[in-house]
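Coordinates in review
Letter by letter, the chains look like this.
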Amino acid sequence: MTSRKLLEQLVAFDTTSRESNLALIDFVSRYLTELGVSCERVYNAERSKANLYARLGPAGSGGVMLSGHSDVVPVDGQNWSVPPFALTEREGKLYGRGTADMKGFIACMLAAVPHFLAQPLAQPLHLAISYDEEVGCLGVRTLLDVLSARPEKPDICIIGEPTELQPVLGHKGKIGVRCEVQGAACHSAWAPQGVNAIEYAAKLIHHLTVTGQRLAAPQYHDARFDPPFTTVQTGVIQGGRALNIVPAECAFDFEVRTLLQDDAQEVVRDLERYARHELLPQMHAVNRDTAIRFYPISSYPGLYTAEQSAAARLLAHLTGSDAFSTVAFGTEGGLFSQIGIPSVVCGPGSIAQGHKPDEFITVEQLDACDALLRRLAAWMCQPA
């Protein structure tokens, strides 16, 4: 089956992160099983979603893993000119949710399996498809728990996120945190008798803004990344019920995207210290039942694979370029690297199309990825 035909099949599955991905996993399992490749599933606790893992070629450790995530972001509120869960071709572009991010790569990966099976591979090929990447790289962690306990791990992982097939060695890490401020309500005519949760949330957000400005100073820059510094931003805030009521509740979500040398948790700890030592005494002086609480939302580690590494050299060979770069978005690569599988990022399509209405990948990019995987198969036939 061609990569285009497989992409058509994959896009038809609504694997928005809030939905199950099992129908897609069933389809891929049948496809691989019919080719004689056995598959393994690693489920979530509710068994409503699963990672898929497969390997082919010779037994033993080493080899290369191709990895992609099955979930996509929602289409709610977006103005699509084509059906988002049906592949539409126009003027060399293939439209549909997930075409670029990142079912295009998965389609190429699956289309290449018969070619890999026909080659005298000198090392194994590993395939991985995860769930819930878009909501914090959550699903792949259960698969990595299984792989980390095995002695026969791949030597290299290629994460097929859309880079227009340019060689990428790294990205920043990220944490997301929710802060909930519990104030004390009263009639706004007697505002000093209450504790305004929105005002205290604003003080916390201002503290984060100042922290972000400090981390953006030139002495902390790393030119390998864009922007070249750790960023801090508040993305969501909710609070208040009526203008004449001092608000008792306010919650906001913030994120920290860190360079490798920075510690995102230190930003959170600093905010917690500010809340505990500066703000809570002021709040408790008015009402002892007030509080400030922090809850983790998501996190994933950063990635940077050395340019002299075997993974980087392979990627340069496959792409024909050693113009290595980084990407602004996150991937599962840092998690693979944490269990001892050096990872790089390279896949068809552009992240500029991801998450947007009328998301697309070009036929040219799909064909180029097919060719790259054939080069990988030839490389894997050579003795290690």
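Description of the structure in this document. Owing to the predicted nature of the structure, the values given are computational and were not obtained by experimental measurement.

**So, the pairing of strand 1 (residues 39-43)**
- Strand direction decides the pairing type here: strand 1 and strand 2 (residues 50-56), joined by five bridges, are antiparallel. Residue pairing across strands places Arg41 opposite Leu52, the latter belonging to strand 2.
- Hairpin connection, strand 1 to strand 2: the antiparallel pair is bridged by six residues, and Arg47 has positive phi, about 60 degrees.

**Here's the deal with the nonpolar core**
- Grouped together as the largest cluster of nonpolar side chains are 54 residues, with contacts concentrated most on Val28, Leu32, Leu66, Phe116, Leu127, Leu373 and Leu376.
- Ignoring any residue separated from it by four or fewer positions in sequence, one finds Leu66 in contact with Phe105, Met109, Leu125, His126, Leu127, Ala128, Ile158, Leu373 and Leu376.
- The next biggest cluster of nonpolar side chains, apart from the first, holds 28 residues, and it includes Cys250, Leu271, Ala275 and Phe294.

**Things to note about the pattern of salt bridges**
- With the rule as written, the count across this model stands at 19 salt bridges.
- Residue Glu89 is joined to Arg4 by a salt bridge in which the shortest nitrogen-to-oxygen separation is 3.1 Å. Linking Glu89 in strand 4 (residues 88-90) with Arg4 in helix 1 (residues 3-11), this pair joins segments that are 85 residues apart in sequence.
- Residue class for Glu89 comes out partly exposed when judged on its relative accessible area of 43%.
- Residues joined by salt bridges that share partners form a network here, namely Asp263, Glu266, Arg269, Asp270 and Arg273.

**Considerations on the side chain of Thr326**
- Here Thr326 shows up in strand 14 (residues 325-327).
- The exposure class of Thr326 is buried, given its relative accessible area of 17%.
- At a separation of 2.5 Å, a polar atom in the side chain of Thr326 contacts the main-chain carbonyl oxygen of Arg224.

**Quick look at the sheet that holds strand 11 (residues 249-258)**
- In spatial order, the strands read 10-11-9-12; together these four strands make up an open sheet with antiparallel pairing. Either end of the sheet is taken by a strand with one partner, and the two such strands are strand 10 (231-239) and strand 12 (291-300). Ignoring strand direction, the axes of neighbouring strands in this sheet form an average angle of 20 degrees.
- The sheet contact formed by strand 9 (residues 173-182) and strand 12 spans nine bridges and is antiparallel. Residue pairing in the sheet places Cys179 in a bridge with Phe294 of strand 12.
- Strands strand 9, strand 10, strand 11 and strand 12 of the sheet are contacted by helix 6 (residues 197-215), whose axis makes an angle of about 10 degrees with strand 11.

**Let's talk about the environment of Asp155**
- Counting through the fold element by element, Asp155 comes out in the loop between helix 5 (140-148) and strand 7 (156-159).
- Considering only alpha carbons, one finds Asp155 and Thr99, 56 residues apart in sequence, at a separation of 28 Å.
- Once residues within four sequence positions are removed from consideration, Asp155 is found in contact with Gly62, Gly63 and Pro342.

**Remarks on the sheet that holds strand 5 (residues 93-95)**
- In spatial order, the strands read 4-5-16; together these three strands make up an open sheet with antiparallel pairing. Each having just a single partner strand, strand 4 and strand 16 (360-362) make up the two edges of the open sheet. Adjacent strand axes in the sheet meet at a mean angle of 25 degrees when their direction is disregarded.
- Where strand 5 lies against strand 16, three bridges are found, and the strand directions are antiparallel. Note on strand 16: the bridge partner recorded for Tyr95 is Phe360.
- Relative to strand 16, helix 3 (residues 99-111) is tilted by about 50 degrees, and along the sheet it contacts strand 5 and strand 16.
- The sheet contacts of helix 10 (residues 363-380) involve strand 4, strand 5 and strand 16, and relative to strand 16 the element is tilted by about 65 degrees.

**A short note on the layout of surface pockets**
- Of the voids in this model, the largest pocket is the one considered here, and its volume is about 620 Å³.
- As for the largest pocket, its lining consists of 31 residues, of which Glu134, Gly136, Lys174, Glu255 and Arg257 are closest to the centre.
- Counting residues per element, the ones that place at least two in the lining of the largest pocket are strand 9, strand 10, strand 11 and strand 12.
- For the lining of the largest pocket, the leading source of residues is strand 11, giving four residues.
- For the lining of the largest pocket, a count of residues per class yields eleven nonpolar, ten polar and ten charged.

**Some details on the packing of aromatic side chains**
- In the structure shown here, the tally under the stated rule is four aromatic pairs.
- Its guanidinium or amino end placed over the ring of Tyr304, Arg224 lies 4.2 Å from that ring's centre, counting from NZ or CZ.

**A look at helix 8 (residues 310-319)**
- Those residues of helix 8 not exposed but buried are Ala311, Ala312, Leu314, Leu315, Ala316 and Leu318.
- Each element contacted by the buried residues of helix 8 is listed here: strand 3 (64-69), strand 7, strand 8 (168-171), strand 15 (343-345) and helix 10.
- Taken from the residues just after helix 8, Gly320 is the one with a positive phi, measuring 75 degrees.

Thresholds, definitions, all that
Residues numbered from 1 in each chain as written. Predicted model: local features only at pLDDT ≥ 70, side-chain atom pairs only at ≥ 80, totals over all residues. Heavy atoms only, no water. Pairing = 2+ DSSP bridges. Helix = DSSP H or I, 4+ residues; strand = E, 2+ residues; numbered from the N terminus. Core = buried A, V, L, I, M, F, W, Y, C linked by side-chain atoms within 4.5 Å. Buried < 20%, exposed > 50% of the residue type's maximum accessible area, 1.4 Å probe, protein only. Contact = heavy atoms within 4.5 Å. Salt bridge = Lys/Arg side-chain N within 4 Å of Asp/Glu carboxyl O. Polar contact = N/O pair within 3.5 Å; in protein donor to acceptor, adjacent residues only side chain to side chain. Axes fitted to C-alpha atoms, helices over the stretch in contact; angles between N-to-C directions. 1 Å grid on protein atoms, 1.4 Å probe; cavity = no way out; pocket = protein on both sides within 12 Å on 5 of 7 lines; lining within 4 Å. Points joined across faces, edges and corners; volume = space filled by probe spheres on them. Nonpolar A, V, L, I, M, F, W, Y, C, P; charged D, E, K, R; others polar. Phe/Tyr/Trp six-rings, centres within 6.5 Å; stacked < 30°, edge-to-face > 60°. Lys NZ or Arg CZ within 6 Å of the ring centre and 35° of its normal.

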